Amino acid sequence: MLGWEFPPFKSGGLGTHCYGLTKALSKKDTQITFLMPYTGMEINPGFMKVVQVGKSRTRFGSYAASTIVSGSGKKAESVYGNDFFAAVEAFTREAIEAAKEEEFDVIHAQDWMAFPAGIAIKKFSGKPLVVSIHSTEFDRTGNLAPNQWICDIEWRGLFEANRVITVSNFMKEQLATRYSVPREKISVVYNAIEAHQFANAACKEFGLDEKIVLFTGRLTVQKGPDYFLDAAAKVLKKNKKTRFVIVGSGYMLPQLINKAIGLGISDHVSFVGFQQNVEDYYKLASCYVMPSVSEPFGICALEAMCSNVPTIVSSNSGVKEVVKHCFVVDFWDVNEMANKIIGILKYAPLKHEMTKNGYHEASRINWGQIADETLKVYSMA
Amino acid sequence: MPDICLYFHVHQPTRLRHYTVFDIGKNDNYFDDERNLFYLERIARKCYVPANKVLLDSINRFDGKFKFAFSITGTIIEQLEQFYPNVLESFRALVDTGCVELFDETYYHSLSSLISEKEFNRQVKQHNKKFKNVFGVRPNVFRNTEALYSNDIAKAVEKMGYKAMVCEGLDHILDWRSPNFVYRAKDSNLRVLMRNYKLADDIAFRFSSRDWAEWPLKADKYASWLSAIQGQCINLFMDYETFGEHHWEDTGIFNFLGSLPGEALKYPQLSFSTPSEIISKHEPVDEIDIPYYSSWADVNRDLSAWLENDMQKHAFEEIKSLEQTMMKKKNSQQLANWRKLQTSDHFYYMCTKWFADGDVHKYFNHYNTPYDAYLNYMNVLTDFKSRLK
């Protein structure tokens, strides 16, 4: 398997996904070697071999952050490489060399950064290539300014792959229409979470007589944090005792702070930055909102539901295909978003039923099923 | 020599419009005319018009030998009066043949029998008056919303002067007994007609199911099943939407409806009778004792389709608690709105049982989730209450 990040080194959902999937696969008698760029951290999950290729720490980066973060935090400067495209090319060269040392039956490349390496390994080994696509360049840029170089790599990977895995029917349609992938080549395998991790999270206190409405995610146009603030302003007109907590960092932070000030709600909005232990924040929340402009899956919604938080998800998301006990709203319809937030805060039976049924539903989804479905795709490749 | 007792239930609710928290205090127009018209147009085109025609043809063809019963709620009559008077006219034409009996019920298809006996009586009287005006008929037989039944409800119905009432043919109540006889309510003279749910649901639920061993069901086969039955009456009660909406025209449902009378009347032991004829012909064989609430809804056949989860209970308690205020205010517009908000469908939309699996609760349901249904209802109710002060 080829991937770009793996816990404890991660910046988004991809690392978490790779961890959950490989762990469940290895329980089903699958031998995995995981190739990823050098991180400078020790990564040894215990159930599979992780090979960090290359030597330079500055080469490593998470795409979404590295191309757009420019000095918004020290952490970003020191960890994320500046020339992301060179890093992808280096990873491709080094992964090919590393793969020559390994024995394998299937190559599985996770997202576009690993596609060039996957294609090259397929060429020299003759083994089938499966690619997973968790988001496309169109999603990440909110359809505004996709990078053509990345789109080309995505297209090439999807073309060369024997099978394509994606995380929702919502994504499948995008791949079929935007990348001309034949629908019969695509398998939908949803995401899962480790439910117990959230059910047991400790409760944090803000120490205020306010109800907390939570947003988590990178502060990028894809995740729709600006719509969250617009809805917040509308909620606060009706209900002053509400606090809007935004967990995550990203290039939009300065503009979001300005927007909160402009809306006159900065007293009620807390930007807490990127947090390792998001589960603590779920425990604080009375309501979770995922207002993404385009969300291929939206694993955070499952995490929130497993944390007993009533959840509102964007209609442009994959997660709404697997859970029904949540509200679905158009990301641009901030009036309706506010209506639903207020409803959850105001009517106790609504919160109670959504919490109870949402937990029951989301906690049933597990990696074991996902691993089974992935193995099925391997056998088709 | 059992009598076939066909009875069709005709109802559409007055649906609420999308009403947000920002509408509270600004807008007391709660109902969505456009959406109601959308559903009404569809149901009229797919069911009422073609089914009424088939039934009228059968009545004319069999010269008084084909009979059946209708219940028609006040809310659907109002909608037909407003948008499709010619469809209402076709119902009237059926009633005028003398072969169609009408049942009374609560005007608003409401859960008022769970609010108070007084309110229940008021809504039944309102329905009775409407029937008198529209059809010139005073019914003898009563059907409560979704066949809601208990000993107490039966007593209240008897007190209002009705001779018989509809009930689900519950296995645990009937036990070894057959639904194909006339029964009596506990400690009462009120006759109880028990629905033969197996035979009724062969048409209402299973007719178009290709997984069913009996598919395709033809009228001759069905008539042969009926001919094998021993008893006084075969109570085939179902929603009228069965014809054309639950089963679309291309399933052959209208052919089935049209050929059933002829096929059944080929058997000398079978005949069609109205419920009133049946209860005057047959003495009750035994007593029905149901101390708790039962209904014909879902597999549970109890109140749980409307009043199970916290949202449903809360919404219902809120609307129920307004009775005293409403009676004091005596504002006819507000009274009508209060009662329209009691329509059982609003609570049905909030049901979370099996909702994720996609089932019959989705039918005619314009909400994405039960949570949307509750939120919308509570926003409306909050506004409604604020205007009572």
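See above for the structure.
Let me begin by describing the structure that accompanies this report. (Residues numbered from 1 in each chain as written. Chains lettered and ligands numbered in written order. Predicted model: local features only at pLDDT ≥ 70, side-chain atom pairs only at ≥ 80, totals over all residues. Heavy atoms only, no water.)

This brings us to the overall build of chain A. Looking only at helices and strands, one finds 16 helices and 12 strands in chain A. Excluding contacts between residues fewer than 6 apart, the proportion of contacts in chain A whose partners are at least 24 apart in sequence is 66%. When the accessible surface of chain A is split by element, carbon and sulfur atoms take 50% of a total near 15400 Å². (Helix = DSSP H or I, 4+ residues; strand = E, 2+ residues; numbered from the N terminus. Contact = heavy atoms within 4.5 Å. Areas by Shrake-Rupley, 256 points an atom, 1.4 Å probe, with all protein chains shown as cover.)

Below, the discussion takes up the packing of aromatic side chains. Taken as a whole, this structure holds 46 aromatic pairs over all chains when the rule is applied. Ring geometry for Trp4 of chain A against Phe91 of chain A: centres 5.3 Å apart, planes inclined by 90 degrees, an arrangement best described as edge-to-face. Pair noted here: Trp4 of chain A is in the segment before α1 (13-27) and Phe91 of chain A is in helix α4 (residues 84-99), with a separation of 87 residues, a long-range link. Linked through ring pairs, Phe8, Tyr48, Phe66, Phe68, Phe70, Phe91, Tyr240, Phe243 and Phe272 of chain B together constitute an aromatic cluster. Against the face of Phe22 of chain B rests Lys234 of chain A, its NZ or CZ located 6.0 Å from the ring centre. Here the basic side chain of Arg301 of chain B rests over the ring of Tyr197 of chain B, its NZ or CZ set 4.8 Å away from the ring centre. (Phe/Tyr/Trp six-rings, centres within 6.5 Å; stacked < 30°, edge-to-face > 60°. Lys NZ or Arg CZ within 6 Å of the ring centre and 35° of its normal.)

Okay, the side chain of Ser294 of chain B next. All names here are of chain B. Position of Ser294 among the secondary structure elements: in the loop between β10 (286-288) and α11 (310-320). Classification of Ser294 by relative accessible area gives buried; the value is 1%. Those residues in contact with Ser294, other than ones at most four positions away along the chain, are Ala147, Leu148, Tyr149, Leu170, Arg301 and Asp302. (Buried < 20%, exposed > 50% of the residue type's maximum accessible area, 1.4 Å probe, protein only.)

Looking now at the interface of chain B and chain A. Each side of the interface is counted separately: chain B has 21 residues, and chain A has 22 residues. Taken as a group, Phe22, Tyr371 and Leu375 of chain B account for 36% of the area that chain B buries against chain A, more than any other trio of residues on that side. Here chain B is connected to chain A by one salt bridge. If you look at where chain B meets chain A, you find 11 residue pairs in polar contact (both at pLDDT 80 or more). Sort the elements by how many residues they give to the side of chain B that touches chain A and helix α15 (residues 370-386) of chain B lands first, with seven residues. Of the residues contributing to the side of chain B that touches chain A, the split by class is 11 nonpolar, eight polar and two charged. (Buried area = accessible area lost by both parts, 1.4 Å probe. Salt bridge = Lys/Arg side-chain N within 4 Å of Asp/Glu carboxyl O. Polar contact = N/O pair within 3.5 Å; in protein donor to acceptor, adjacent residues only side chain to side chain. Nonpolar A, V, L, I, M, F, W, Y, C, P; charged D, E, K, R; others polar.)

Below, the discussion takes up the pairing of strand β8 (residues 233-239) of chain B. All names here are of chain B. Among the seven residues that make up β8, six are buried, leaving the element largely enclosed by the rest of the structure. Note: strand β1 (residues 3-10) against β8, seven bridges, orientation parallel. Bridged to Ile4 within β8 is Ile234. (Pairing = 2+ DSSP bridges.)

Here the focus is the nonpolar core. By size, the foremost hydrophobic cluster in this structure holds 88 residues, and its most contacted members are Leu2 and Val164 of chain A. Ranked by residue count, the leading element in this core is α4 of chain A, at seven residues. For Leu2 of chain A, the contacting residues outside a window of four places in its chain are Leu35, Ala95, Ile107, His108, Ala109, Gln110, Ala114, Ala117, Gly118 and Ile121 of chain A. In this structure, Ala231 and Ile342 of chain A together with Leu114 and Ala373 of chain B belong to the second largest nonpolar core, which totals 73 residues. (Core = buried A, V, L, I, M, F, W, Y, C linked by side-chain atoms within 4.5 Å.)

Let us now look at helix α13 (residues 332-340) of chain B. All names here are of chain B. α13 sits mainly inside the fold: seven of its nine residues count as buried. All of the buried residues along α13 are Gln334, Leu335, Ala336, Asn337, Trp338, Arg339 and Lys340. The inward-facing, buried residues of α13 abut α2 (74-83), α4 (117-135), α11, α12 (323-329), α14 (344-348) and α15. Measuring from the backbone nitrogen of Gln333 back to the side-chain oxygen at the start of α13 gives 3.0 Å, which picks out Asn331 as the cap.

Now for the sheet that holds strand β3 (residues 107-110) of chain A. Residue and element names in this part refer to chain A. Ordered in space as β3-β4-β5-β6, the four strands form an open sheet in which the pairing is parallel. The sheet is open, and its two borders are formed by β3 and β6 (186-188), each paired with just one other strand. Shown here is a sheet whose adjacent strand axes are inclined to one another by a mean of 25 degrees, direction ignored. Summarising the sheet, strand β5 (residues 163-166) and β6 pair through three bridges and their orientation is parallel. Looking at β6, one finds that Thr166 is bridged to Val188. (Axes fitted to C-alpha atoms, helices over the stretch in contact; angles between N-to-C directions.)

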